Each structure stands twice: as structure tokens, then as C-alpha cells.
Amino acid sequence: MTNPHQTHVIDPETGSRYELVHEKSPVFYDLYERKADLRHQTHYCPGCGHGIVNKLIGEAIYELGLKDNTIFVSPVGCSVFCYYYFDVGNIQAAHGRASAVATAAKRACPDKVVIAYQGDGDLAAIGTAEIIHAANRGEKIAVFFVNNGIYGMTGGQMAPTTLVGQKSTTTPWGRHPAGEGFPLHMSELLSTLEAPTYIERVALCDNKNIMRVRRAIRHALELQRDNAGFSFVEILSPCPTIWGKDPVEARAWVSDGMVPVFPLALFRDRKAEMPVVPEPPQRSVAEVLELATNTDSESESKKILAPRHHSFKHLGIKVAGFGGQGVLLLGQLLTEMGMREHLEVSWLPSYGPEMRSGSAHCHVCLSKERVGSPLISAPDVLVAMNEISLHKFAHSVVRDGLILYNGSNLPEGFDDSEIHVVCIPAGEIADVLGSPKAANIVMLGALLEATECLSSETAMEVLEAKVNKVQLLEIDRKALAAGRDYIDHQANVGAVSQPDGFA
Ligand SMILES: Cc1ncc(C[n+]2csc(CCOP(=O)(O)OP(=O)(O)O)c2C)c(N)n1
Ligand code: SF4
């Protein structure tokens, strides 16, 4: 393609000046940070269709001016490294999950153009459920489905799209319908659904057809730019390496072998017919929390909604213990408190199958900026509700971070020389207050007092909204105060306990 930024170059050896008519799309990185000495080229085999499809997508993104507005979801398969090539927003999905991940990305960022790129093993085998439901919901994403009839990356096992009679490592005598069924026709299958906007099958078999692939890719992206609905482009694609053919033979086999089984067709293109669905009314966080709608309590709302100063930019908290200790609830309380204090928040739980006594932990992000990932691998603060969690997660806390441990003393042999740990006998305090279950609220009080990350007033507002029983609320109020009090008067916290970024 012509690059409008650089139409003339000087040959470094001859010094002659010549016009550049063909250039790598600026949507691709200049160098691919993959292997030290191969950074100028992709990892695809010579003659592989993925390289052509990548190139056509890159050109279309550039020509439509979508470079800074695109999120590209790479699959697992030979095209796993797309994120090394495309200089756009990138996410790498687990095997088969690209269209589900793209759904999430699009819903979180509705103004972005979101692409799911998938191979046939990825999309039509392990990811069958995800693609069918994404299509059935009419997600506003573009799915580029590169069908080479085989598992390429793993060495040539049969895919659902493998042709009858085609040999693979798992069908060495050729696919037989009696044992392995018939090839799955994904475009036809998705065409039975009501919601999709655009479905087309194209093929990388000759230059004329490559131009059709180009048009289809561009059309799918135009529909995304216009937020017009679910687009699906199936691209029949050569895999010379696994097919055991040279690039020319492989390209010919796309038309001679694949096209008769997977006819090229425009199955659906009904942008014009799409009814305009009114967007559901979006409510603000304050409205959802019923803080901003009640005019009778307007002054109260204003008080709650007044932005509060936070001395951190981003705070990652991990709460860990066993099921029944209110570990997940403590995380939820912190998250809701953060929302009420106008922070960006996330809460990510993790627990085993047991309802009681199994290990449980959650990740809480409190941030002044949008939260990129809810996963916290290096928490600023760890609330360890039991000894196992202390041992398990203490090493992951950031340098100068803080650990609040539910216990009178550290376990014997625990080395706290490089970690700041504050012991709080939260279980015992809660027992005395009349409910062992309130230990998590004692820890909440201690956390708020030691870090000043959120206010105790907000904590009480959230507790009042959540706890219906007056008696329990009273215990929680005392537990919160007791946790704060313990930090103020009994624990040796001091200024050093403040993780980086605290006042
Ligand atoms: C959960 C999981 N199961 C299996 C695999 C192994 N695996 C990696 S790629 C792949 C198949 C990829 O084939 P396809 O989607 O057709 O892409 P291609 O490599 O042909 O482009 C498989 C089975 C994996 N990585 N993860
Ligand atoms: S194995 Fe096949 S699909 Fe994978 S890079 Fe090589 S030619 Fe392409």
C-alpha cells in the first residue's frame, strides 16, 4: 500500500532516490519484539494465509483511520503472536475464548472497534459455544475466522473443519464421517441465527479472491466503525506446512479442495435492514446505589457524593482466608466504599468448591484511573485472615507494603524481617463483641485506620445499606471501631506501615 507519510526514500547504498509504492502498513510495529534477530519478519511459514490476512486487516485498519481506536483479540493457534505485530490495543485470549473476550472488551469500551481473530480449531472446536452465543447476541464485534481445515500450531490434528478423507495426525487414514462426523460449516451455522449483521465466506486462493477477502475485511470493519452489529468473515486459508504442500500447491488446494466443500458466498449483509435498537438508559453509579435520585435526601446525597481526597493513585488489596470468614464480603465492602468515594474499582473473587472452610481470596483495586486488570499479583496491602493465607501470599506483597494478620502473634518461624506485618486478634475481638463473624469488620476497621485509604464514615454508610438486622449492625459498628482502636492504641503501626503512595 502507499504510505502517505513516506513516499520517497533514498537507497543507502546507491544514494538514488525512488518512490515507494508498497510499504508495510503503519498499523504494524516497525520491529516485532519476538526474537532478537528475526524482528523484521513474522513467525508465519512461507505461503501461510495468516500473513496475508494480517496484512489485509492492518491495511483496512489504517485506511479507515481506526488505528488508535481498535482492540485486537488474538487467539491461541498459529496466529497467537498477532499482538507482536499490530500496534493497536491488544488482548490475548485463552484458547477458543476470543469472541467472548471481544464481547467483554466491546461492552467495556463501546466506542472501540473490537476484532476477534480465530483459527478453525480455536473457533469451531474448543470455542464453539463462545462464537455461537456472541453471534446470537449480535455482539458488535468483527470476527475473522481463518479456516485452514487443520490444527496448525500443534502439528496437524483434525479440526472440525477437516475435509472428509483428509489425513491428519489424528485421522491418519483420512477423516471418516462414521467416526469423526462431517466438516462443520460455521458460516452456514451462524446464518441460521437472527442477530448477525454480516456473514461472508471468502478464500485466499488467487489474486482476484484475495481482493474479495480484502473487501470483506474492510466491510466488516466499516460495520464496526458504524457500530452496526456482529460481522463474521470466514477466510479459507492455506497451511502449506501441515498440508505438506509448497505455497503454490497449497494455494491451489484452497480452491480445488476446500471451496467445493465450503462454497464462497455472502450469507448475510443487512446493515440497511437492521432496526435501530434504542440504547437502554444508562444509570450512573450514584443512581444505581440510590444515592442521587432521592430529592428528599438531597443534602445527604451531596454529603456522600462530595469527592474525597485520596493520597494513592492506585491501591491493590488482597483479602485472603477460608470460606465463612467473610473474606469475599470484606472485598465487596471495600469496593462499594471505593465507588461511593468516586474511585474506579474492581473486585475479583477466587474460591474453591467448598462453601465453608475452603480457601478463598479476593482482589480489590481502588484507583483514580480506569482499572486495567482486576488481577493483583503484587498487593499493596494483604489482609490475611488465617495462617495459611499469610504464608501463601506474604511474599507477593510489594516492598514497603503492609500485611494485616488476624492473630495475636506471628506464627512461629515466620520471617517478617523484610515485610511489615501488623497482628490484630480480630477473631478474639469479634468474639468478645458477640459475633465471631464480625472478625472481617474488625480487620476492615484496622485497614482503614492503618492506611487511611477510605473513610470510616463511608464504611458505616455501606454497612447500613447492607446489614438489615439492627443487632448485627450494632456489632459491626463496634467491630469497625474496635479495629481502628486496636491500630491506634495497641498495634505498633507508625508511619512505616504506610505502603508507597500513602500519606
Ligand atoms: C485449553 C487448550 N487446549 C489445547 C491447547 C493446544 N492448542 C494450541 S493451538 C491449538 C489448535 C490451533 O488450531 P487452529 O485454531 O486451527 O489455528 P491454526 O494454528 O491452524 O492457525 C491447540 C489445540 C491449548 N493451547 N489450550
Ligand atoms: S503451520 Fe500452517 S497455519 Fe501455522 S504458520 Fe505454518 S502455514 Fe501457517
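If you're wondering where the values come from, they're calculated on a predicted model, not measured in any experiment. (Residues numbered from 1 in each chain as written. Chains lettered and ligands numbered in written order. Predicted model: local features only at pLDDT ≥ 70, side-chain atom pairs only at ≥ 80, totals over all residues. Heavy atoms only, no water.)

1. Brief notes about the overall build of the protein
When helices and strands are counted, the protein shows 18 helices and 15 strands. A total of 503 residues make up the protein; the buried ones form 49% of that total. Intrachain contacts of the protein at a sequence separation of at least 6 include 64% that bridge at least 24 residues. Total accessible area computed for the protein in this model is approximately 24400 Å², and 53% of it derives from carbon and sulfur atoms. (Helix = DSSP H or I, 4+ residues; strand = E, 2+ residues; numbered from the N terminus. Buried < 20%, exposed > 50% of the residue type's maximum accessible area, 1.4 Å probe, protein only. Contact = heavy atoms within 4.5 Å. Areas by Shrake-Rupley, 256 points an atom, 1.4 Å probe, with all protein chains shown as cover.)

2. Let's talk about the site of ligand 2
Near ligand 2, the surroundings consist of Tyr44, Cys45, Cys48, His50, Cys78, Asn148, Cys239, Pro240, Thr241 and Ile242. When residues in the shell around ligand 2 are grouped by element, the largest group, three residues, is from helix H9 (residues 240-243). For the shell around ligand 2, the residue count by class is seven nonpolar, three polar and no charged. (Near = heavy atom within 4 Å. Nonpolar A, V, L, I, M, F, W, Y, C, P; charged D, E, K, R; others polar.)

3. As for the confidence of the model for the protein
Of all residues in the protein, 89% attain a pLDDT of 70 or more, and the chain-wide mean is 90. Across residues 1-5, confidence stays below pLDDT 50; counting only partners more than four residues off in sequence or on other chains, it has 14 contacts. Low pLDDT (under 50) marks residues 494-503, which in the prediction has 23 contacts with non-local residues, meaning those over four places away or in another chain. (pLDDT = per-residue confidence, 0-100.)

4. Concerning the site of ligand 1
The immediate surroundings of ligand 1 are formed by 16 residues, with His50, Cys78, Gly121, Asp122 and Gly152 found nearest. Backbone polar atom of Gly121 to an oxygen atom of ligand 1: 2.8 Å apart, as the coordinates give it. Here Ile150 contributes a backbone N or O atom positioned 3.0 Å from an oxygen atom of ligand 1. In isolation ligand 1 exposes 590 Å². Once the protein is present, 73% of that is buried. A total of four residues in the shell around ligand 1 trace back to one element, the largest contributor, which is helix H4 (residues 120-126). Counted by class, the shell around ligand 1 contains six nonpolar, eight polar and two charged residues. (Polar contact = N/O pair within 3.5 Å; in protein donor to acceptor, adjacent residues only side chain to side chain.)

5. So, the packing of aromatic side chains
Enumeration over the complete set of coordinates arrives at eleven aromatic pairs. Aromatic pair Phe81 and Tyr83: ring centres 6.3 Å apart, planes at 85 degrees, arrangement edge-to-face. Residue Tyr83 is classed as partly exposed on the basis of its relative accessible area of 27%. Where Phe230 meets Phe232, the ring centres are 6.4 Å apart and the plane angle is 15 degrees; that geometry is what we call stacked. Each member of the pair, Phe230 as well as Phe232, carries the same accessibility label: buried. Members of the aromatic cluster, each reached through a chain of ring pairs, are Phe28, Phe72, Phe86 and Tyr117. (Phe/Tyr/Trp six-rings, centres within 6.5 Å; stacked < 30°, edge-to-face > 60°.)

6. Overview of the pattern of salt bridges
A full pass over the atoms with the stated rule returns 18 salt bridges. Its salt-bridge partner being Arg225, residue Asp226 comes within 3.0 Å of it at the nearest N-O pair. The exposure class of Asp226 is partly exposed, given its relative accessible area of 35%. Taking the shortest distance from any N to any O, the salt bridge between Arg340 and Glu336 comes out at 3.3 Å. With Arg340 and Glu336 both in helix H13 (residues 327-340), this residue pair falls four residues apart, about one helical turn. (Salt bridge = Lys/Arg side-chain N within 4 Å of Asp/Glu carboxyl O.)

7. Thoughts on the nonpolar core
Among the nonpolar cores identified, the biggest contains 48 residues, and Ile317, Leu334, Leu366, Ile424 and Leu444 are the most heavily contacted of them. In terms of residue count, the dominant contributor to this core is helix H16 (residues 439-451) (nine residues). Not counting residues within four places of it along the chain, the set of residues in contact with Leu366 comprises Phe312, Lys313, His314, Leu315, Ile317, Leu334, Gly338, Leu343, Glu344, Val345, Cys453 and Leu454. Formed by 37 residues, the second largest nonpolar core is a distinct cluster that contains Phe28, Tyr62, Val88 and Val213. (Core = buried A, V, L, I, M, F, W, Y, C linked by side-chain atoms within 4.5 Å.)

8. Here's the deal with the sheet that holds strand S11 (residues 344-351)
Strand order in the open sheet made by the six strands is S11-S12-S10-S13-S14-S15, with mixed pairing throughout. Because the sheet does not close on itself, it has two edges, and the strands there are S11 and strand S15 (420-424). Going across the sheet, the axis of each strand differs from the next one's by a mean of 15 degrees, ignoring polarity. As paired elements, strand S10 (residues 314-322) and strand S13 (residues 381-384) share four bridges and run parallel to each other. Counted as the bridge partner of Lys318 is Leu382 from S13. (Pairing = 2+ DSSP bridges. Axes fitted to C-alpha atoms, helices over the stretch in contact; angles between N-to-C directions.)

9. Some details on the sheet that holds strand S9 (residues 265-269)
The strand order S4-S3-S5-S6-S8-S7-S9 describes an open sheet built from seven strands, whose pairing is mixed. Every interior strand has two partners, whereas the edge strands, strand S4 (89-92) and S9, have only one. Adjacent strand axes in the sheet meet at a mean angle of 15 degrees when their direction is disregarded. In the sheet, strand S6 (residues 142-147) pairs with strand S8 (residues 231-236) via six bridges, with the strands oriented parallel. Each residue of the ladder has a partner; that of Phe145, found in S8, is Glu234. Running over the sheet, helix H1 (residues 49-63) touches strand S3 (70-74), strand S5 (113-119), S6 and S8 and is turned about 175 degrees from S5.

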